[in-house]
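Listed below, chain by chain, are the residues.
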Amino acid sequence: MNKNHSKKIQRHFNSKYTDYDVCCNKVVPRNEEIQQVLVQIIPYKRAVKLRMLDLGIGTGLTTWHILNKFPNAYIDGIDFSSKMLKQASQRMGKFNSKVNLIEADFTKHEFNAKYDVIFSAITIHNILDVEKGNLFNKIYKHLREGGCFINADFVKFRSPNLTKRSVEFYEKFLRENLSGKELKHWLCHIRKEDSPAMIDDQFTWLKEAGFSRIECPWTYQNLAVVYAVK
């Protein structure tokens, strides 16, 4: 990740205004629904032994949901926020033996395994577009044949009208849920640091990486779930 940009993102997620377990539903529209969609479209039966990778595990919410559905899964969870990883460790509880937490920048970290599923929830928009194509290439390389990548995240639009409506919707959502310095903190983040990608650009990068089937099974306002199979 770009060094200066990376430092800004780290400062944001280590801030006192970013207790993600408290604020996630206040800053991500339909957060619970997008988590459910991600888990539901994982194309394996409950009892199968799976190796997974969570890019940007944060406080571990998505991994926790997945382990409740797939109790025989083993998940590597990577994040560069020590604060959030501490919360993830606390959340795992009975699942601690099923999770390997890694403090690192996933754009630079060298993965040393092949995975059945690589997933990410509300994370990849934090890296710059120039880095996303390289990340998708790395994801493809570390998936087993037939494995899938699921990206549930913020998106942006090419159309000026849709962009304007999306920005208005999201800022209104934040103003309805936050106030004072917390609101100022998050508005600064989305205006100066967020870097969501367009869905069609994601499709292009995934095709260039080699993915054979790419779909977008869910969208809502400025959010989407993208699903790709190796």
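What comes next is a walk through the structure. (Residues numbered from 1 in each chain as written. Predicted model: local features only at pLDDT ≥ 70, side-chain atom pairs only at ≥ 80, totals over all residues. Heavy atoms only, no water.)

## A few points about the overall build of the protein chain
Note the cut-off: Note on conventions: DSSP H or I runs of at least 4 residues are helices, E runs of at least 2 residues are strands, and numbering of each starts at the N terminus. The globule rule is 2.2 Å times the number of residues to the power 0.38, and the radius of gyration it is compared with is taken over C-alpha atoms. In this scheme, a residue with accessible area under 20% of its type's maximum is buried, one over 50% is exposed, and one in between is partly exposed, where area comes from a 1.4 Å probe on protein chains only. Here, two residues are considered to be in contact whenever any of their heavy atoms come within 4.5 Å of each other. Using the Shrake-Rupley algorithm and a 1.4 Å probe, accessible areas are obtained, with residue cover drawn only from the displayed protein chains. Asp and Glu are treated as the negative residues and Lys and Arg as the positive ones, with His and the ends of the chain left uncounted. Charge positions come from single atoms, namely NZ of Lys, CZ of Arg, CG of Asp or CD of Glu.
Broken down by element type, the protein chain carries nine helices and eight strands. Against the compact-globule benchmark of 17 Å for 230 residues, the protein chain has a radius of gyration of 17 Å, which places it among compact chains. A principal-axis box enclosing the C-alpha atoms of the protein chain has dimensions of 45 × 40 × 35 Å. For the protein chain, the residues scored as buried account for 54% of the 230 residues in total. Considering only residue pairs separated by 6 or more positions, the protein chain has 75% of its internal contacts joining residues 24 or more positions apart. When the accessible area of the protein chain is evaluated, it comes to approximately 10900 Å², of which 49% is carbon and sulfur surface. Across the protein chain, the 36 positively charged side chains and the 25 negatively charged ones have centroids separated by 2 Å.

## Focus: the side chain of serine 195
For serine 195, the location among the structural elements is in the loop between helix H8 (180–192) and strand E6 (197–198). On the basis of relative accessible area, serine 195 is assigned to the buried category, the value being 13%. Once residues within four sequence positions are removed from consideration, serine 195 is found in contact with His125, Ile127, Leu128, Asp129 and Lys132.

## Points about the packing of aromatic side chains
Keep this limit in mind: Side-chain rings of Phe, Tyr and Trp, where Trp is taken by its six-membered ring, are said to pair if the distance between their centres is within 6.5 Å; with planes under 30 degrees apart they count as stacked, over 60 as edge-to-face, and otherwise as tilted. By definition, being over a ring means that NZ of Lys or CZ of Arg is both within 6 Å of the ring centre and within 35 degrees of the ring normal.
Tallied over the full model, the rule gives seven aromatic pairs. Three or more aromatic residues joined by ring pairs make a cluster, and in this case those are Phe154, Phe169, Tyr170, Phe173 and Tyr220. Above the ring of tyrosine 220, the side-chain terminus of arginine 30 is found at 3.7 Å from the ring centroid. The residue whose ring lies beneath lysine 138 is phenylalanine 111, and the NZ or CZ to ring-centre distance is 4.7 Å.

## So, the layout of surface pockets
Going by this rule: Put simply, the grid is 1 Å and covers the protein atoms alone, a cavity is a trapped set of points that fit a 1.4 Å probe, a pocket is an open set with protein on both sides within 12 Å along at least five of seven lines, and lining residues have an atom within 4 Å of a point. Grid points are joined across faces, edges and corners, and a volume is the space filled by probe spheres set on the points. Asp, Glu, Lys and Arg are counted as charged, while Ala, Val, Leu, Ile, Met, Phe, Trp, Tyr, Cys and Pro are counted as nonpolar; the rest, among them Gly, fall into the polar class.
Taken as a whole, the largest pocket encloses approximately 340 Å³ of empty space. Considering the residues around the largest pocket, the lining is formed by 15 residues, among which Lys156, Ser166, Val167, Ile190 and Pro196 are closest to the centre. At the level of secondary structure, the elements contributing two or more residues to the lining of the largest pocket comprise strand E5 (143–156), helix H7 (160–177) and H8. Counting residues per element, the lining of the largest pocket draws most heavily on H7, which supplies five residues. Looking at the lining of the largest pocket residue by residue, the class counts come to seven nonpolar, four polar and four charged. The computed volume of the second largest pocket comes to approximately 160 Å³.

## Re the pairing of strand E7 (residues 213–220)
Our working definition: For two strands to pair, DSSP has to find at least two bridges joining them.
Alignment of E7 against strand E8 (residues 223–229), held across six bridges, turns out to be antiparallel. Across the sheet, the residue bridging to isoleucine 214 is alanine 228, located in E8. Connecting E7 to the antiparallel partner E8 that follows it, the hairpin turn spans two residues, and glutamine 221 within it adopts a positive phi of roughly 50 degrees.

## A few points about the nonpolar core
Filter applied, for reference: Definition used in this section: a nonpolar core is a set of buried Ala, Val, Leu, Ile, Met, Phe, Trp, Tyr and Cys residues joined via side-chain atoms within 4.5 Å.
Formed by 42 residues in total, the largest nonpolar core has its most connected members in Val27, Met52, Ile66, Phe119, Ile150, Tyr170 and Leu174. With residues up to four places along the chain from it excluded, the contact list for isoleucine 150 reads Leu38, Ile41, Ile42, Ile118, Phe119, Ser120, Val225, Val226 and Tyr227. The next biggest cluster of nonpolar side chains, apart from the first, holds 25 residues, and it includes Ile102, Phe111, Ile127 and Ile214.

## Some points on the side chain of lysine 132
For clarity, the threshold we go by: Here a polar contact is recorded for every N or O atom pair within 3.5 Å, except that within protein the pair must consist of a potential hydrogen donor and a potential acceptor, and residues adjacent in sequence are included only if both atoms are side-chain atoms.
Looking at the element boundaries, lysine 132 is found in helix H6 (residues 129–141). Here isoleucine 127 takes part through its backbone oxygen, which lies 2.7 Å from a polar atom of the side chain of lysine 132. Among the polar contacts listed, one links the side chain of lysine 132 to the backbone oxygen of serine 195, at a separation of 2.6 Å. Excluding anything up to four places from it in sequence, lysine 132 contacts Ile124, His125, Ile127, Ser195, Ala197 and Trp205.

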